[in-house]
Amino acid sequence: GLRGEGHGEHARAGQGIRLICDRALPGGAWNFGNRAMFGATCPPQLASTGFALLALHAKDAAYARNAAGALAEKGCRHLRHALTRVRAPRSLAWGLMGLEAWQQRPAEGDDWLAESFAWIRRNRANPLDLAQLMLAAHRRTLDLLGVGVLQEGVA
């Protein structure tokens, strides 16, 4: 958010990035809290990983090559694999948006969204599920959220 408003160099922006990086799981994904509880690694959550990727999004190739970018690449790898079998609206939507920010949204993503929309129609899921899927389906969502995508060669 701070980067989107032109305050990316503010100390709080750096603190936020460090916190997100600190909470990354060893396998390259995120959950909703700490990495471990009671001595066991917590399982990754797809929506949390998508949120983290949006927060760590790269505005240029140099940023993508730093430590946060390396973590984001692991998160993208995790999502690309895990989303192939997930149609839960929240997980799918935020996972696809996280991948989109890093220009790694799978071509099948639209088909997955259609399957999730169909499930919502059959099961009358709540409106929040529908809203999240609609956000993920719209190609301008990242622009509207102020998140931009990785652009090679931009400094």
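Numbers given to residues run from 1 along each chain, matching the order in which its sequence is written. pLDDT decides what is reported in this predicted model: residues at 70 or higher carry local features, side-chain atom pairs at 80 or more are listed and counted, and totals for whole chains, interfaces and linings draw on all residues regardless. The side-chain quantities take in all heavy atoms of the structure and omit both hydrogens and water.

## Let's talk about the overall build of the protein chain
And step 1. A run of H or I in DSSP becomes a helix once it reaches four residues, and a run of E becomes a strand once it reaches two; helices and strands are each numbered from the N terminus. Along its length, the protein chain carries eight helices and two strands.
And step 2. Starting at the N terminus and ending at the C terminus, the protein chain contains elements arranged as α-β-β-α-α-α-α-α-α-α.
And step 3. Relative accessibility under 20% of the residue-type maximum defines a buried residue, over 50% an exposed one, and the middle range a partly exposed one, all with a 1.4 Å probe and only protein chains included. Taking all 155 residues of the protein chain together, 42% fall into the buried category.
And step 4. By definition in these notes, contact holds between two residues if any of their heavy atoms fall within 4.5 Å. Intrachain contacts of the protein chain at a sequence separation of at least 6 include 58% that bridge at least 24 residues.

## Things to note about the confidence of the model for the protein chain
And step 1. Values of pLDDT, ranging from 0 to 100, describe the predictor's confidence in every residue of the model. Across the protein chain, pLDDT averages 83, with 85% of residues at or above 70.
And step 2. Within the protein chain, helix H5 (residues 89-101) carries the highest mean pLDDT (94), whereas helix H3 (residues 61-64) carries the lowest (52).
And step 3. Contacts for the low-pLDDT stretch residues 150-155, under 50 throughout, to residues beyond four places or in other chains number 15 contacts.

## Quick word on the pattern of salt bridges
And step 1. When a carboxyl oxygen of Asp or Glu is within 4 Å of a side-chain nitrogen of Lys or Arg, the pair counts as a salt bridge. Scanning all chains against the criterion turns up six salt bridges.
And step 2. In this structure, the salt-bridge partner of aspartate 22 is arginine 23, at a minimum N-O distance of 2.3 Å.
And step 3. Judged by relative accessible area, which is 33%, aspartate 22 ranks as partly exposed.
And step 4. Classification of arginine 23 as partly exposed rests on a relative accessible area of 30%.
And step 5. With its nearest N and O atoms 3.0 Å apart, the salt bridge here joins arginine 105 to aspartate 110.
And step 6. Given the relative accessible area of 16%, arginine 105 is considered buried.
And step 7. When its relative accessible area of 37% is taken as the criterion, aspartate 110 is described as partly exposed.

## Describing the packing of helix H6 (residues 109-123) against helix H7 (residues 127-137)
And step 1. Running from amino to carboxyl end, H6 crosses H7 at an angle of 160 degrees, the nearest separation of the two axes being 11 Å. With respect to each other, H6 and H7 are oriented roughly antiparallel. Between H6 and H7 the crossing geometry is left-handed. Residues Leu113, Ser116, Phe117 and Ile120 of H6 touch H7, and the partners they reach there are Asp129, Leu130, Leu133, Met134, Ala136 and Ala137.
And step 2. Grouping the constituent residues of the contact of H6 with H7 by class yields eight nonpolar, one polar and one charged. To get an axis, fit a line to the C-alpha atoms, keeping to the stretch in contact for a helix; angles then go from 0 to 180 degrees between the N-to-C directions. Any angle between 65 and 115 degrees counts as roughly perpendicular, while under 35 counts as roughly parallel, over 145 as roughly antiparallel, and the rest as oblique. Crossing handedness is defined as follows: a turn of the near helix away from the far one that is anticlockwise and smaller than a right angle gives a left-handed crossing, while the clockwise case is right-handed. Following the grouping adopted for this structure description, the nonpolar residues are Ala, Val, Leu, Ile, Met, Phe, Trp, Tyr, Cys and Pro, the charged ones are Asp, Glu, Lys and Arg, and the polar ones are all others, Gly among them.

## A look at the packing of aromatic side chains
Each pair of aromatic rings is reported with the distance of its centres and the angle of its planes.
And step 1. Between 30 and 60 degrees the pair is tilted, below 30 it is stacked and above 60 it is edge-to-face, where a pair is any two Phe, Tyr or Trp rings, Trp via its six-membered ring, whose centres lie within 6.5 Å. Within the structure shown, the criterion is met by two aromatic pairs.
And step 2. With centroids separated by 6.5 Å and ring planes inclined at 65 degrees, the aromatic side chains of phenylalanine 32 and phenylalanine 51 adopt a geometry described as edge-to-face. Within this pair, whereas phenylalanine 32 is found in the loop between helix H1 (11-22) and strand S1 (36-37), its partner phenylalanine 51 is found in helix H2 (residues 46-55), the two being separated by 19 residues in sequence.

## Details of the environment of alanine 29
And step 1. Looking at where alanine 29 falls in the secondary structure, it is placed in the loop between H1 and S1.
And step 2. Take alanine 29: its relative accessible area is 3%, and that puts it in the buried class.
And step 3. Through-space distance from the C-alpha of alanine 29 to that of leucine 53 is 9.3 Å; in sequence the pair is 24 residues apart.
And step 4. Residues within four places of alanine 29 in sequence aside, it is in contact with Ala24, Pro44, Thr49 and His78.

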